[in-house]
Amino acid sequence: MKQAYSTEMDGKDELKHFKEEFYVKKGVLYMDGNSLGVLSKNAEKALAEVLNDWKEYGIDGWMAGKHPWFTLSEELGGKMAPLIGAHNDEVIVTGSTTGNLHQLVSTFFQPAGTKTKILADELTFPSDIYALKSQLQLKSLSPADHLISVKSRDGRLIEEEDIISAMTEEIALIVLPSVLYRSGQLLDIQQLTAEAHKRGILIGFDLCHSIGAVPHGLSHWEVDFAFWCNYKYLNGGPGSVAGLYVNRKHFKTAPGLAGWFGSNKEKQFDMSHEFVPSDSAGAYQMGTPHVLSTAPLIGSLELFAEAGMDRLRKKSLQLTRFMMELIESELSSFGFHIGNPREDVRRGGHVCLEHPEAARICKALKENQVVPDFRAPNVIRLAPVPLYTSFQDVHDTIARLKKIMSEKQYEKFPNVREVIA
Ligand SMILES: *Cc1c(COP(=O)(O)O)cnc(C)c1O
């Protein structure tokens with residue numbers, strides 16, 4: 001029955017031809033595209049072209065070639081804008097996730113009077129917390145008093161109403177994930193933004209686990225700022241240059257961390273010591289762009305433009321729903337718990353499978369050519385990425401997992417995490 005369903009769904013899948021564009025090894029079920037997306041032929045070609053431009057043009061590559069490096073960050077920002085529902089000039093490809101968070105907090109966290117605190121949540125990605133604490137310290141504010149963390153009721157999810165209750169008079173800025181990296185919960189960005197603005201609080205989101213997986217309407221929702229990496233669902237490659245969004249209404253806000261690549265492009269080479277920022281999200285760049293680590297995105301974003309976020313989201317929801325159904329029907333006797341929300345509107349692109357032996361089950365999965373992702377202490381993240389995962393792949397992933405559990409194959413591995421998990 002489940003087999004018939006996968007065959008039927010794969011048969012009518014409008015996105016199935018994209019799988020051939022990606023380098024997934026034969027026999028391997030790659031369920032880790034939410035940690036590091038796989039290389040596409042398009043991205044590989046784009047990188048080769050940029051290298052060739054360097055060979056061909058030398059210094060002139062800044063203004064010559066198909067994708068002049070001087071405006072590449074802006075060009076790709078524009079191509080990324082539809083993925084997050086933003087205007088082209090509100091998006092720039094630059095820096096790293098954590099670096100961009102530093103830039104945006106240094107720009108938009110302006111404590112004044114009794115509004116001196118930052119609101120985050122206790123399940124957020126550690127790097128975000130490190131950045132927020134250090135930004136407070138730079139302003140001589142103690143993180144213990146000024147970083148307010150919304151608690152989770154069950155260790156998996158953060159309730160929107162709890163976040164809203166924590167939006168007190170003292171909060172100046174809110175930074176939250178769009179999708180929680182462990183449980184895969186998708187927060188209601190629109191509602192949280194409206195509630196923050198009612199209280200005169202600025203709000204920004206970490207989109208690492210939603211960009212390329214979930215459609216967004218950031219401009220329409222009036223989100224103040226956002227930042228993300230491009231190496232997960234967007235397949236930009238290890239260490240790919242990241243992205244940031246700033247709503248148009250803030251374009252006059254001077255960057256907290258200024259640098260010459262944030263200049264108005266006409267003025268940049270005046271070499272004046274008076275900084276004239278760009279009237280766009282480009283103002284929040286700092287130095288010379290990392291062109292070679294940006295290049296794969298040229299190719300990767302073409303695939304997203306072709307596939308379209310709505311079709312990708314639809315297939316992603318079908319894949320994760322199918323995976324959850326298989327987990328329930330095939331694995332019920334093995335002590336698993338599904339930790340992600342069940343509702344479509346609250347679910348990102350991955351399934352969060354909890355088990356006390358998760359670390360060694362992941363090792364057994366790898367031995368069986370399934371690439372999962374382990375998050376200590378007990379989470380197996382499985383991301384059936386719609387661009388390169390078929391319904392058959394989801395079916396086979398759970399079939400291999402069932403075999404591992406029935407045969408207790410995991411018992412031969414120690415239940416500890418590796419250095420990189
Ligand atoms: C992957 C990820 C990061 C990574 O930050 P880098 O600066 O790119 O290393 C940050 N936040 C979240 C939520 C992530 O999932």
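Owing to the predicted nature of the structure, the values given are computational and were not obtained by experimental measurement. (Residues numbered from 1 in each chain as written. Predicted model: local features only at pLDDT ≥ 70, side-chain atom pairs only at ≥ 80, totals over all residues. Heavy atoms only, no water.)

### What to know about the site of the ligand
For clarity, the threshold we go by: Being near a molecule or strand, for a residue, means having at least one of its heavy atoms within 4 Å of it. Here a polar contact is taken to be a pair of N or O atoms separated by no more than 3.5 Å, where protein atoms must pair a possible hydrogen donor with a possible acceptor and residues adjacent in sequence count only if both atoms sit in side chains. Note on areas: these come from Shrake-Rupley sampling with a 1.4 Å probe, and a residue is covered only by the protein chains present in the view. Polarity classes work like this: nonpolar for Ala, Val, Leu, Ile, Met, Phe, Trp, Tyr, Cys and Pro, charged for Asp, Glu, Lys and Arg, and polar for all others, with Gly in that last group.
If you check the shell around the ligand, you find Thr97, Thr98, Phe125, Asp128, Asp206, Cys208, His209, Tyr231 and Lys232 and nothing else. Within the side chain of Thr97, one N or O atom sits 2.7 Å away from an oxygen atom of the ligand. At a separation of 3.1 Å, an oxygen atom of the ligand approaches a polar side-chain atom of His209. Relative to its unbound accessible area of 390 Å², the ligand is 85% covered by the protein chains. A per-class count over the shell around the ligand returns three nonpolar, three polar and three charged.

### Observations regarding the domain arrangement of the chain
Using the following cut-off: Residue ranges for the domains originate in an automatic or database domain assignment. In this description, buried area is defined as the sum, over both parts, of the accessible area (probe of 1.4 Å) that is lost when the two are combined. In what follows, salt bridge is the name for a side-chain nitrogen of Lys or Arg lying within 4 Å of a carboxyl oxygen of Asp or Glu.
We note that the domain assignment places domain 1 (2-30 + 308-412) and domain 2 (46-306) within the chain. Each of domain 1 and domain 2 was reduced to a C-alpha centroid, and the two centroids are 29 Å apart. A combined buried area of about 2,200 Å² lies between domain 1 and domain 2, and 55% of that area is made up of carbon and sulfur atoms. Area buried by domain 1 at its contact with domain 2 is led by Met309, Arg346 and His350, which between them contribute 27% of it. The tally of links from domain 1 across to domain 2 stands at three salt bridges. Taken together, domain 1 and domain 2 are joined by eleven residue pairs in polar contact (both at pLDDT 80 or more).

### Quick word on the environment of Ala48
Cut-off, in case you're wondering: Each helix is a run of DSSP H or I of at least 4 residues and each strand a run of E of at least 2, with the numbering of both proceeding from the N terminus. Three exposure classes are used, based on accessible area relative to the maximum for each residue type with a 1.4 Å probe and protein chains only: buried under 20%, partly exposed in between, and exposed over 50%.
Within the secondary structure layout, Ala48 lies in helix H2 (residues 41-57). Classification of Ala48 as partly exposed rests on a relative accessible area of 44%. Expressed as a C-alpha distance, the spacing of Ala48 and Met63, which sit 15 residues apart in the sequence, is 18 Å.

### Observations regarding the pattern of salt bridges
One pass over the structure, following the stated rule, counts 30 salt bridges. The shortest N-O distance in the salt bridge between Glu49 and Lys66 comes to 3.5 Å. In this pair, Glu49 is assigned in helix H2 and Lys66 in the loop between H2 and helix H3 (72-84), connecting sequence segments 17 residues apart. In this structure Glu49 comes out as partly exposed when scored by relative accessible area, which is 29%. With a shortest N-O distance of 3.4 Å, Glu159 and Arg346 are connected by a salt bridge. Of this pair, Glu159 sits in the loop between strand E4 (147-150) and helix H7 (160-165) while Arg346 is found in the loop between strand E9 (337-338) and strand E10 (351-354), placing the two residues 187 residues apart along the sequence.

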